[in-house]
Amino acid sequence: MTGRVLLIEDNEANRYLATYLLEHGGFHVSHAPDGPSGIDRASTEPFDIILIDIELPGMDGYAVTAALRGNPALADVPMVAVTSHAMHGDREKALASGCTGYIEKPVNPVTFVREIRDQLGRSGREPR
Ligand code: MN
């Protein structure tokens, strides 16, 4: 099972863990450390799913997601907020910005890859 993942995350430890889990799950992971570079990569390379940290320097993950959704080429791409925000309303805010799903940090190593596969399955974009 393969799938191309774009991980927009500024924290190196979080990047390392998510990448480790996803690569062991058969995914290919590309990184962007901030919103603008993630938006740039998503406009020039194909991805099956985009994971977006909400607490990013400068442009936050909600704004990044809204910008990604502004690109018609990405209309069908699942976008998942991965965030330590545990406050009431954050899930709604993520979905309102264009995210198709929401995963809370710290990510659960046992369920993380399955959650990503579920997100892909729900979008009809089964990884090839
Ligand atoms: Mn962050």
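Residues numbered from 1 in each chain as written. Predicted model: local features only at pLDDT ≥ 70, side-chain atom pairs only at ≥ 80, totals over all residues. Heavy atoms only, no water.

Asker: Can you help me understand the side chain of Thr 19 in this one?
Answerer: Summarising the element assignment, Thr 19 is placed in helix H1 (residues 12-24). Looking at Thr 19, its side chain comes within polar contact range of the main-chain oxygen of Arg 15, at 2.7 Å. Apart from residues no more than four positions distant in its own chain, Thr 19 is found in contact with Leu 7, Val 29 and His 31. (Helix = DSSP H or I, 4+ residues; strand = E, 2+ residues; numbered from the N terminus. Polar contact = N/O pair within 3.5 Å; in protein donor to acceptor, adjacent residues only side chain to side chain. Contact = heavy atoms within 4.5 Å.)

Asker: Is there a simple way to explain the environment of Gly 58 in this structure?
Answerer: Its place among the elements puts Gly 58 in the loop between strand E3 (49-53) and helix H3 (61-69). The class of Gly 58 is exposed, set by a relative accessible area of 81%. Sequence separation of Gly 58 and Pro 36 is 22 residues, and the distance between their C-alpha atoms is 9.3 Å. (Buried < 20%, exposed > 50% of the residue type's maximum accessible area, 1.4 Å probe, protein only.)

Asker: What am I meant to see in helix H4 (residues 90-97) here?
Answerer: Looking at H4, one finds that the buried residues are Asp 90, Ala 94 and Ser 97. Within H4, the buried residues cover an arc of 65° as seen down the axis, which keeps them to one side. Buried residues in H4 make contact with H3, strand E4 (79-83) and strand E5 (101-104). Among the residues trailing H4, Gly 98 stands out with phi positive, at a value near 120°. (Arc of directions from axis to C-beta.)

Asker: Please clarify how the sheet that holds E4 should be interpreted in this entry.
Answerer: In any sheet, the strands associate via hydrogen bonds between backbone groups, in a parallel or an antiparallel arrangement. Strand order in the open sheet made by the five strands is E2-E1-E3-E4-E5, with parallel pairing throughout. Edge positions in the sheet fall to strand E2 (28-32) and E5, since each has one partner strand and no second. Here the strands of the sheet are splayed against their neighbours by 20° on average, with no regard to which way each runs. Taken strand by strand, helix H2 (residues 35-44) contacts strand E1 (4-8), E2 and E3, and its axis lies near 160° from that of E1. (Pairing = 2+ DSSP bridges. Axes fitted to C-alpha atoms, helices over the stretch in contact; angles between N-to-C directions.)

Asker: Which parts of the structure should I look at to understand the coordination of the manganese ion?
Answerer: The reference angle at a metal is 109.5 degrees if four donors form a tetrahedron and 90 or 180 degrees if six donors form an octahedron. The protein atoms that coordinate the manganese ion are Asp 10 (OD), Asp 53 (OD) and Glu 55 (O), at distances spanning 2.0 to 2.2 Å. Spacing between the donor residues of the manganese ion along the chain follows D-x42-D-x1-E. Here Glu 55 lies in the loop between E3 and H3 and Asp 10 lies in the loop between E1 and H1, a separation of 45 residues in the sequence. A relative accessible area of 46% places Glu 55 in the partly exposed class. (Donors = N, O, S within 2.8 Å, 3.2 Å for Na, K, Ca; no water.)

Asker: Is there a simple way to think about the nonpolar core in this case?
Answerer: A general trend in soluble globular proteins is that nonpolar side chains are found buried together. Val 5, Leu 22, Phe 27, Ile 49, Leu 51, Phe 112 and Ile 116 are the most contacted members of the largest nonpolar core, which has 17 residues in total. With four residues, helix H5 (residues 112-123) is the largest single contributor of residues to this core. Each residue touching Ile 116, except ones within four places of it in the same chain, is listed here: Leu 22, Phe 27, Ile 49, Leu 51 and Ile 103. Ranked by size, the runner-up nonpolar core spans 13 residues in total, among them Phe 47, Val 64, Leu 74 and Val 77. (Core = buried A, V, L, I, M, F, W, Y, C linked by side-chain atoms within 4.5 Å.)

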